[in-house]
There are 2 protein chains.
Amino acid sequence: MGNITTWMDTLTSTLSLLNFYTPFPLLATEGETADSSFILVSVLLSLVVIYFASKLGGEICLRINLPPVLGELLGGVIIGVSALGLLVFPESGATASDSLLMKFLEVTSNINPESLQSVFSAQGEVISVLSELGVIILLFEIGLESDLKELIKVGPQAAIVAVVGVVVPFALGTVGLLYLFHLSVIPSVFAGAALTATSIGITAKVLSEIGRLTSSEGQIIIGAAVLDDILGIIVLAVVSSLAKTGEIQVINIVYLIISAATFLIGAILIGRLLSPFYVKLVDSMKTRGQLLLVSVIFAFVLSYIAQIIQLEAILGSFAAGLVLAETEKRKELEEQILPIADLFVPIFFVSVGAKTDLSVLNPAIPSNREGLIIAAFLIVVAIFGKVVTGFTLFGNPNLNKLAIGVGMIPRGEVGLVFAGVGSASGALSPATDAAIIMMVILTTFVAPPLLRIVFKEPVSTPQEAKS
Amino acid sequence: MGNITTWMDTLTSTLSLLNFYTPFPLLATEGETADSSFILVSVLLSLVVIYFASKLGGEICLRINLPPVLGELLGGVIIGVSALGLLVFPESGATASDSLLMKFLEVTSNINPESLQSVFSAQGEVISVLSELGVIILLFEIGLESDLKELIKVGPQAAIVAVVGVVVPFALGTVGLLYLFHLSVIPSVFAGAALTATSIGITAKVLSEIGRLTSSEGQIIIGAAVLDDILGIIVLAVVSSLAKTGEIQVINIVYLIISAATFLIGAILIGRLLSPFYVKLVDSMKTRGQLLLVSVIFAFVLSYIAQIIQLEAILGSFAAGLVLAETEKRKELEEQILPIADLFVPIFFVSVGAKTDLSVLNPAIPSNREGLIIAAFLIVVAIFGKVVTGFTLFGNPNLNKLAIGVGMIPRGEVGLVFAGVGSASGALSPATDAAIIMMVILTTFVAPPLLRIVFKEPVSTPQEAKS
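Residues numbered from 1 in each chain as written. Chains lettered and ligands numbered in written order. Predicted model: local features only at pLDDT ≥ 70, side-chain atom pairs only at ≥ 80, totals over all residues. Heavy atoms only, no water.

**Some remarks on the overall build of chain A**
Each helix and strand in chain A was counted, giving 19 helices and zero strands. For 467 residues, the compact-globule estimate of 2.2 N^0.38 gives 23 Å, and chain A sits close to it at 23 Å. Based on the C-alpha atoms only, the size of chain A along its principal axes is roughly 75 × 65 × 55 Å. Sorting the 467 residues of chain A into buried and exposed places 60% on the buried side. Summing over all exposed atoms, chain A offers an accessible surface of approximately 17,700 Å²; the carbon and sulfur share of this is 68%. Each charge class in chain A was averaged separately, 23 positive and 35 negative side chains, and the resulting centres sit 11 Å apart. (Helix = DSSP H or I, 4+ residues; strand = E, 2+ residues; numbered from the N terminus. Rg over C-alpha atoms; globule rule 2.2 N^0.38 Å. Buried < 20%, exposed > 50% of the residue type's maximum accessible area, 1.4 Å probe, protein only. Areas by Shrake-Rupley, 256 points an atom, 1.4 Å probe, with all protein chains shown as cover. Lys, Arg positive; Asp, Glu negative; His and termini not counted. Charge placed at Lys NZ, Arg CZ, Asp CG, Glu CD.)

Here is the structure:
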C-alpha cells in the first residue's frame, strides 16, 4: 500500500495544478443536493472501475482457458480491500480514507472533507444493493434458461446430491475438528455447518458460460444448489440458535422447512395458474418495455416474499424465471434480460471479489498460522464432501458424476455468511474464523477452472476444443 | 391521508394475524447484515411500486391518446408525496412514518423500529441514484438515436432557439415581476431565471415516443435543449452569486462557458478520434456483454467528467451516445440499450412525479393564494417565451415552428432546481417559491400532450392517425 499512497500523492499534486474544479460551490446552498450529486458521481466512478475490472479479468481468464467469472472475481480482489483499495465497503469497518476511489473523488472534485464519509457510506450502500440486484437478476436468468420439467425429473437425484452434500461435509468436518483438533463443540459445529453451503451463483454462471446449464448434469447441479441454499438457511438457523441458547429450537426449524416448501411449490403452482393471464396482459399492453417490466415486477415480488420469510431473495427470482420459462414469452424475455444481466451481474461477482479479505492468508498474523492447519483440513473435507455427492447417484451410467460433485464445491458468499455470523456471535476463535474464510476463498476460486476441466470439451465453442 | 391511515391500520392488524415472519431474528447477530437485507427488500418493494405506477399510468395515457411519459409522471404523483405516500424521499424532510411503503415493510417483516429510519433513508438514496442513472441512460439512448451531422447542420438554428428561449422568458418574467407585481430585484431575477430552463428528458422522451426524434424539428429541439441546459447552468450560477454576494462574478461565468464548450467539443473530437480503437477493442473481446460494457464505461466516464466540472452528468452521456452513434456498432448497441432504458428510465419519470409536491396548489395555504396570481403570470410568460422561439427561424417554410417552440416548454426537474436553490438561499418568499413550482408543474405536465397535438399525425403508428 505504501507505493500506492506515494503514487496517489503525486497524482494529487499534479491534478491540483490542473485546478479541475470551479472556484465556487455552485449548488452548495443546498447541502442535500450537493451531497446527492457526489453520491451519483461516486457511484458512476465505482461502476466504471467495476466494469473495467470485470472485463479485464474476464478477457484474461478466457485467453488462458479459465472461466471468465473467475476473472471477474479476481478482478474484484485486485480493486478490492486486499489490493488496490479502489472499491472498499463501509460494512467491513473501512472509512473514506481507506478508499482510493474516495481520494480520487476528493482530488478531482470540490467535495468538502466532512461530507466525504457520508458519500462513502452511501456509495457503499448503493453498490451493495446493485450487486444484490445483480445476483437476483442472474438467478432470474438461470431460472428462465432452466427447464422446470427437467428439474422435476431430476428432482430426486438433485435431492440426494443436496442432502449428501450437507450431511457428509458437516459430519466429517464437525467430528474431525472435535477429535483431531480438540476444538469444543460449538466452534466445531459452526465450522462443520460452513462446509455445507453451495454458491449457486458461481456454479450457475460457469455452467452457463460453458453451455452446460441445460444438460442433465447442469440441471441436477442447479436443482441441488437451490435445495442446498434452503438447507443452508436451516442449518444456519439451527447452528446459531445452538450457539446462542445452547439448544435447538425445533419449532423454528419446522417453520423454516414448511415455509420454504410452501414458498417454492406455491410460487410455481400459482405462477403456472397465472401465466395465461400474464401472456394476455403483456399482449394487451402497448407501451415500451411492457414484457420486461411485468416480468420484473413478478420476479421482484417473489424475491421480496422469499427474503421476508427468511429465505433468500434469489430463490424468489429463480422461481419467477422457472415459471416464466414455461410461457410462450420465454425467448423474447431471454433476449431482453441478456443485456440487463450483462450490466448487473458483474457488479455482484466483482463485489464478492472486492469484499474478499486476503489478509487471512498473511502468515505474519499468528491466528492465521494457527488457522492454516485447520484450513487445510477444512479444504480437504470441503472438496471431498461435495465431490462424493455425484457418486451417490447409482445406476446412471451416462451421468458425469464427477462433474456434479465438482459443481457443488464453491462456497462463495454463502460460506462467508456462516463465517460472519459465527464470528459475530463469538462462537469462533480468530484462528477458526480465518480457517473458514480460507476454505471459502479456495473452494470459490478453484471450482470454476475445475468445473471446466471435468466437463472436458466446451460445448458452446467447439472450434476451441480442437486446438 | 386520513382514510389511507385507517386502511393501513386495518391491513396492519390483518397481516399481524398471519404472523408473516419468523419468531426469531435469524441474522440479527450481525446488525449490518440485517439492515442491508432490509435495504434490499425496501428497494425491491419501491421498484415494484414504481414499475406498476409507470405501466398503469403509461397504458391509461396511451389509450386516451396522451403520451405515455405523462402517465409515468402522473403515476409518480399518485404514489408520491402528494397522494398515497408510497414513494417519498427523505430529502424532502419526510421520515419513515410518512412512507406507506415503510409501514408495509414494518408490518410484513420483523424489522425493528429503530432501524426503520436508516433503512428509509438508504432506500431513498438508492432510488435517487437509480433515477439519476435512468436519466443518464435516457440521454445516452437519445444521443445514440441522434445524428451528429444533422445536429451540427441545425446547430445555428438550435442556438437561436436556445438563446431566444432564455432571453425572452427571463426578460419578460423579470421586468413583469418588477413593474407589475412590484417585487424586489433579487426574487424577480430568480423567478425570471427559473423560466429559462428546459427539461431535455421529458421533451426527448415524447419526441422518441411519437417517432419525431430524428426529424429536423426534433433535432433542433434536442440541440436547443442541450444548449439550454448549459445556458441554464450559467444563468443559475449568475443568479445565485448575485443573490449571495450582490454582484456577478464574471470570472466564474467565463470559466463555465469555456469549460462547457471545451467539454462538448473535446468529448466529441476525442471520441471520434478514439472510435476506431473502440470498434477494434470490442471486436477483439470475447466475453459476454463486451460491446455494452465498453460503451457504458465510456458514457459513465464522460458523465463523471461533466458532473465534476459543474455541468450535468446527462450532457456527458448524451455526448457519448452521439459519438458512438457514428460507429458501425450503433445498431447493435441501440438494441442492447433498449431493455436497459426500459428498466431504468421509468424510475426517473416516476420519481420526478413522486417528488412533485402538489400542496402548492392547495388554496387553504395563504402563500399559495398570493402565489396564484404570480403563477398565472409566470405560466403565460413561460409558454409564450418558449413558443416564440420557433418563429425566430426565418426563411425555413418547411419547418414546423410551433412544434419547436412547444418542445421547449417543459421545465421539469431543471426548473425545480432553480426553485430549490432560490428558496434555500432565502431569496424567494414562500409565495414566489410556490408560484415558480406551480409554473414548473403546469409546463411539465402540459407539454407532452401539446407536443403530440402540434406534431399532428404520429409517424411511428400511422394506423392510429386514420382512426
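What follows continues from the structure just given.
**Observations concerning helix H10 (residues 216-245) of chain A**
All names here are of chain A. Compared with the 44 Å implied by 1.5 Å per residue over 30 residues, the 43 Å span of H10 between its first and last C-alpha is a close match. Counting buried residues along H10, 24 of its 30 residues qualify, which places the element largely inside the surrounding structure. Following H10 by one or two positions, Gly-246 adopts a phi angle in the positive range, close to 80 degrees. (Expected span 1.5 Å × (residues − 1).)

**Some thoughts on the packing of aromatic side chains**
Counted under the stated rule, the structure contains seven aromatic pairs over all chains. Ring geometry for Phe-181 of chain A versus Phe-377 of chain A: centroids 5.3 Å apart, planes at 50 degrees, classification tilted. On the criterion of sequence distance, the pair formed by Phe-181 of chain A in the loop between helix H7 (155-179) and helix H8 (185-194) and Phe-377 of chain A in helix H15 (residues 366-390) is long-range, its members being 196 residues apart. The buried category is assigned to Phe-377 of chain A, whose relative accessible area is 17%. A cation sits over an aromatic face here: Lys-355 of chain B above Phe-89 of chain B, 4.5 Å from the ring centre. (Phe/Tyr/Trp six-rings, centres within 6.5 Å; stacked < 30°, edge-to-face > 60°. Lys NZ or Arg CZ within 6 Å of the ring centre and 35° of its normal.)

**Concerning the domain arrangement of chain A**
Residues and elements named next belong to chain A. For chain A, the assigned domains read domain 1 (2-129) and domain 2 (133-466). Listed per partner, the contact involves 25 residues of domain 1 and 23 residues of domain 2. Joining domain 1 to domain 2, the criterion identifies zero salt bridges. At the boundary of domain 1 with domain 2, the tally comes to eight residue pairs in polar contact (both at pLDDT 80 or more). When residues of the side of domain 1 that touches domain 2 are traced back to their parent elements, those giving at least two are helix H2 (31-63), helix H3 (68-79) and helix H5 (113-145). In terms of residue count, the dominant contributor to the side of domain 1 that touches domain 2 is H3 (nine residues). Here the residues of the side of domain 1 that touches domain 2 sort into 17 nonpolar, six polar and two charged. (Domains from an automatic or database assignment. Contact = heavy atoms within 4.5 Å. Salt bridge = Lys/Arg side-chain N within 4 Å of Asp/Glu carboxyl O. Polar contact = N/O pair within 3.5 Å; in protein donor to acceptor, adjacent residues only side chain to side chain. Nonpolar A, V, L, I, M, F, W, Y, C, P; charged D, E, K, R; others polar.)

**So, the interface of chain A and chain B**
Taken residue by residue, the interface counts 86 residues in chain A and 86 residues in chain B. Carbon and sulfur atoms supply 72% of the area buried between chain A and chain B, which totals about 7,800 Å² over both sides. Inspection of the chain A/chain B interface yields four salt bridges. Here Glu-141 of chain A and Arg-288 of chain B are joined by a salt bridge, their closest N and O atoms 3.0 Å apart. The tally of links from chain A across to chain B stands at 18 residue pairs in polar contact (both at pLDDT 80 or more). (Buried area = accessible area lost by both parts, 1.4 Å probe.)

**Some remarks on the side chain of Glu-72 of chain A**
Along the chain, Glu-72 of chain A turns up in helix H3. Not counting chain neighbours up to four residues away, the residues in contact with Glu-72 of chain A comprise Ser-54, Gly-57, Gly-58, Pro-346, Phe-349 and Val-350 of chain A.

**Notes on the pattern of salt bridges**
All names here are of chain B. Counted under the stated rule, the structure contains 20 salt bridges over all chains. For the salt bridge of Lys-331 with Glu-335, the shortest nitrogen-to-oxygen distance reads 3.3 Å. Residue Lys-331 and its partner Glu-335 are located together in helix H14 (residues 330-355), separated by four residues, close to a single helical turn. Considered together, Lys-331 and Glu-335 belong to a single accessibility category, that of exposed residues.

**Notes on the relation of the copies chain A and chain B**
Superposing chain A onto chain B takes a rotation of 180 degrees combined with a translation of 0.0 Å along the rotation axis, leaving an RMSD of 0.0 Å. In symmetry terms, the pair is related by a two-fold rotation axis. The share of interface residues of chain A whose copies in chain B are also at the interface is 100%, consistent with both copies meeting through the same surface. (Least-squares fit on C-alpha atoms with pLDDT ≥ 70 in both.)

**Details of the nonpolar core**
Tyr-51, Phe-300 and Leu-378 of chain A together with Tyr-51, Phe-300 and Leu-378 of chain B are the most contacted members of the largest nonpolar core, which has 335 residues in total. Contacts of Tyr-51 of chain A, omitting those with residues within four sequence positions, involve Leu-343, Pro-346 and Ile-347 of chain A together with Leu-293, Val-296, Ile-297 and Phe-300 of chain B. (Core = buried A, V, L, I, M, F, W, Y, C linked by side-chain atoms within 4.5 Å.)

**Some words on the side chain of Ser-295 of chain A**
Residues and elements named next belong to chain A. The residue Ser-295 is located in helix H12 (residues 290-308) in this model. A distance of 2.8 Å separates a polar atom in the side chain of Ser-295 from a polar atom in the side chain of Tyr-278. The residues contacting Ser-295, other than those within four sequence positions of it, are Phe-140, Tyr-278, Leu-324 and Leu-333.

**Comments concerning the packing of H3 of chain A against helix H18 (residues 430-454) of chain A**
Working note: a packed helix pair is described by the angle between its axes plus the distance between those axes. All names here are of chain A. H18 packs onto H3 with a crossing angle of 160 degrees between their chain directions and a minimal axis gap of 9 Å. Overall, the two elements H3 and H18 adopt an arrangement that is roughly antiparallel. Crossing hand, H3 versus H18: left-handed. Mapping the contact onto sequence places Pro-68, Val-69, Leu-70, Leu-73, Leu-74 and Val-77 in H3 and Thr-444, Phe-445, Pro-448, Pro-449 and Arg-452 in H18. (Axes fitted to C-alpha atoms, helices over the stretch in contact; angles between N-to-C directions. Parallel < 35°, antiparallel > 145°, perpendicular 65-115°, else oblique. Left-handed = near helix turned anticlockwise from the far one by under 90°.)

**Examining unusual backbone geometry**
Even without a glycine there, the phi angle at Gln-310 of chain A is positive, about 70 degrees. Here Gln-310 of chain A shows up in the loop between H12 and helix H13 (313-325).

**A few points about the packing of helix H7 (residues 155-179) of chain B against helix H8 (residues 185-194) of chain B**
All names here are of chain B. Packing of H7 against H8 brings their axes to within 8 Å, and their N-to-C directions diverge by 150 degrees. Taken together, H7 and H8 sit at an angle that is classed as roughly antiparallel. Crossing angle aside, the handedness with which H7 passes H8 is right-handed. Within the contact between the two elements, H7 uses Pro-169, Phe-170, Thr-174, Leu-177 and Leu-178 and H8 uses Val-185, Ser-188, Val-189, Ala-191, Gly-192 and Ala-193. Its residues assigned to classes, the contact of H7 with H8 shows eight nonpolar, three polar and no charged.

**With respect to a nonpolar patch on the surface**
A contiguous nonpolar patch, built from Ile-265, Leu-269, Ile-270, Leu-273, Leu-274 and Phe-277 of chain A and spanning about 660 Å² of accessible area, is present on the exposed surface. For Leu-273 of chain A, a relative accessible area of 63% corresponds to the exposed category. (Patch = residues over 30% accessible without salt bridge, like charges linked within 9 Å, V, L, I, M, F, W, Y side chains within 5 Å.)

**Digging into H7 of chain A**
Helical geometry note: an α-helix holds 3.6 residues per turn, so side chains three or four residues apart project in the same direction. Taking 1.5 Å as the rise per residue, H7 of chain A with 25 residues should run 36 Å; its terminal C-alpha atoms sit 36 Å apart, in good agreement. Of the surrounding secondary structure, the elements contacted by the buried residues of H7 of chain A are H8, H10, H15 and helix H16 (401-407) of chain A.

**A word on the environment of Ile-409 of chain A**
Residue and element names in this part refer to chain A. Here Ile-409 lies in the loop between H16 and helix H17 (412-424). We classify Ile-409 as buried; its relative accessible area is 0%. Along the chain, Ile-409 and Val-238 lie 171 residues apart, while their C-alpha atoms are 22 Å from each other. In this view, Ile-409 contacts Ile-383, Lys-386, Val-387, Thr-443, Ala-447 and Leu-450; residues no more than four positions away in its chain are not counted.

**Here's the deal with the confidence of the model for chain A**
Residues and elements named next belong to chain A. Overall, the predicted model of chain A reaches an average pLDDT of 84, with 90% of residues at or above 70. Within the model, the stretch residues 11-33 combines pLDDT values under 50 with 44 contacts to residues more than four positions away or in other chains. The low-confidence segment residues 458-467, where pLDDT is below 50, has nine contacts with residues more than four positions distant or belonging to other chains. Two numbers describe this predicted complex: its pTM, 0.85, and its ipTM, 0.85. (pLDDT = per-residue confidence, 0-100.)

**Considering the environment of Leu-242 of chain A**
Residue and element names in this part refer to chain A. Among the structural elements, Leu-242 can be located in helix H10. A relative accessible area of 18% places Leu-242 in the buried class. Sequence spacing of Leu-242 and Ile-186 is 56 residues, and the spatial spacing of their C-alpha atoms is 7.7 Å. Ignoring any residue separated from it by four or fewer positions in sequence, one finds Leu-242 in contact with Ile-186, Val-189, Glu-247 and Ile-248.

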